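What follows is each chain in one-letter form.
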Amino acid sequence: MQEKLVLGRAGQTGGDLTTSLDAHDDTGPLQVEYLDLRRLARQMPGVFGNLRSMDTVTALGWTPEPFGEPDAGTTGPGETYFPLNRSGAALRWMGLGRFRDELCDPTFAAWREDAMHNFRRQRAAQRLRHEAEPGRREDGHVPAGAIMASAAEPNRRAR
């Protein structure tokens, strides 16, 4: 997922904004984040200061390699890579004006391709297991007689 935020136009302070992400899987929370970017809060030390733009790329469910060579922590001016406690990662850029698209956009494209590659590989493995089931014809279908026989099978064992 990629999210770009800009508070105000050039030379403006921008309005108030709060945003949250609460992502869970069957095991529990993957990422829980609440950002208070209201004018008063973002002027506090270490929050947002005079910055107006933020670009965040988030991967949940697997931990992708960072794009390029960043280490955990600060990767450059306004850039931070966060490996999540469980499976996942976030890359965030904060700055004054225009987005540094040479960081977050290529990272999003690489992480999306990585996720889709894993998804395609899992789907192909499922398809191969499905096609390898006994009684399945070459076209992937099971003859009606085989379905009837497998449906009656549990009753025969119960006798």
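Residues numbered from 1 in each chain as written. Predicted model: local features only at pLDDT ≥ 70, side-chain atom pairs only at ≥ 80, totals over all residues. Heavy atoms only, no water.

As for the nonpolar core
Soluble globular proteins tend to bury their nonpolar side chains together.
And step 1. Core analysis: the largest hydrophobic core is formed by nine residues, namely Val57, Ala59, Tyr81, Ala89, Leu91, Trp93, Leu103, Cys104 and Trp111.
And step 2. Elements that contribute at least two residues to this core include exactly β4 (53-60), β7 (88-95) and α2 (104-131).
And step 3. The greatest single-element share of this core, amounting to three residues, is contributed by β7.
And step 4. Counting six residues, the second-largest nonpolar core is a separate cluster that includes Leu5, Leu7, Leu37 and Met54. (Core = buried A, V, L, I, M, F, W, Y, C linked by side-chain atoms within 4.5 Å. Buried < 20%, exposed > 50% of the residue type's maximum accessible area, 1.4 Å probe, protein only. Helix = DSSP H or I, 4+ residues; strand = E, 2+ residues; numbered from the N terminus.)

Considering the pairing of strand β3 (residues 29-36)
And step 1. Bridge analysis of strand β2 (residues 18-24) against β3 gives seven bridges, and the strand direction is antiparallel. The residue of β3 that forms the bridge with alanine 23 is glutamine 31.
And step 2. Linking β2 back to β3 in an antiparallel pair, the connection comprises four residues, with glycine 28 at a positive phi of about 150°. (Pairing = 2+ DSSP bridges.)

Quick look at the side chain of aspartate 55
And step 1. Along the polypeptide, aspartate 55 turns up in strand β4.
And step 2. Side chain to side chain, aspartate 55 and glutamine 2 meet in a polar contact 3.1 Å long. (Polar contact = N/O pair within 3.5 Å; in protein donor to acceptor, adjacent residues only side chain to side chain.)

Notes on the side chain of threonine 58
And step 1. Within the secondary structure, threonine 58 sits in strand β4.
And step 2. Under the relative-accessibility criterion, threonine 58 is labelled buried at 8%.
And step 3. If sequence neighbours within four positions are ignored, threonine 58 has contacts with Met1, Gln31, Ala89, Ala90 and Trp111. (Contact = heavy atoms within 4.5 Å.)

A short note on the confidence of the model for the protein chain
And step 1. Overall, the predicted model of the protein chain reaches an average pLDDT of 77, with 73% of residues at or above 70.
And step 2. Within the protein chain, β2 carries the highest mean pLDDT (92), whereas strand β5 (residues 73-76) carries the lowest (48).
And step 3. Counting contacts from residues 71-75, a segment whose pLDDT is below 50, to residues more than four positions away or on other chains yields 10 contacts. (pLDDT = per-residue confidence, 0-100.)

As for the pairing of β4
And step 1. For β4, the tally of buried residues reaches seven of eight residues, placing the bulk of the element in the interior.
And step 2. Where strand β1 (residues 2-6) and β4 come together, five bridges link them in antiparallel fashion. Paired with valine 6 across the two strands is serine 53, which belongs to β4.
And step 3. Taken together, the eight bridges between β4 and β7 define a ladder with antiparallel strand orientation. Bridge assignment links threonine 56 to a residue of β7, and that residue is arginine 92.

Considering α2
And step 1. Spanning 28 residues, α2 covers 40 Å between terminal C-alpha atoms, matching the ideal 40 Å at 1.5 Å per step.
And step 2. Of the positions making up α2, those classed as buried are Cys104, Thr107, Trp111 and Asn118.
And step 3. Among the structural elements, β1, β4, β6 (79-83) and β7 are those in contact with the buried residues of α2. (Expected span 1.5 Å × (residues − 1).)

What about the pattern of salt bridges?
And step 1. Applying the stated criterion across every chain yields a total of seven salt bridges.
And step 2. With a shortest N-O distance of 2.8 Å, aspartate 25 and arginine 86 are connected by a salt bridge. Taken as a pair, aspartate 25 in the loop between β2 and β3 and arginine 86 in the loop between β6 and β7 lie far apart in primary sequence, 61 residues in all.
And step 3. Overall, aspartate 25 belongs to the partly exposed group, its relative accessible area being 33%.
And step 4. Across the pair arginine 38 and aspartate 36 runs a salt bridge, and its minimum N-O distance is 2.6 Å.
And step 5. Given the relative accessible area of 41%, arginine 38 is considered partly exposed.
And step 6. Each member of the salt-bridge network shares a partner with another, and the members are Lys4, Asp55 and Asp105. (Salt bridge = Lys/Arg side-chain N within 4 Å of Asp/Glu carboxyl O.)

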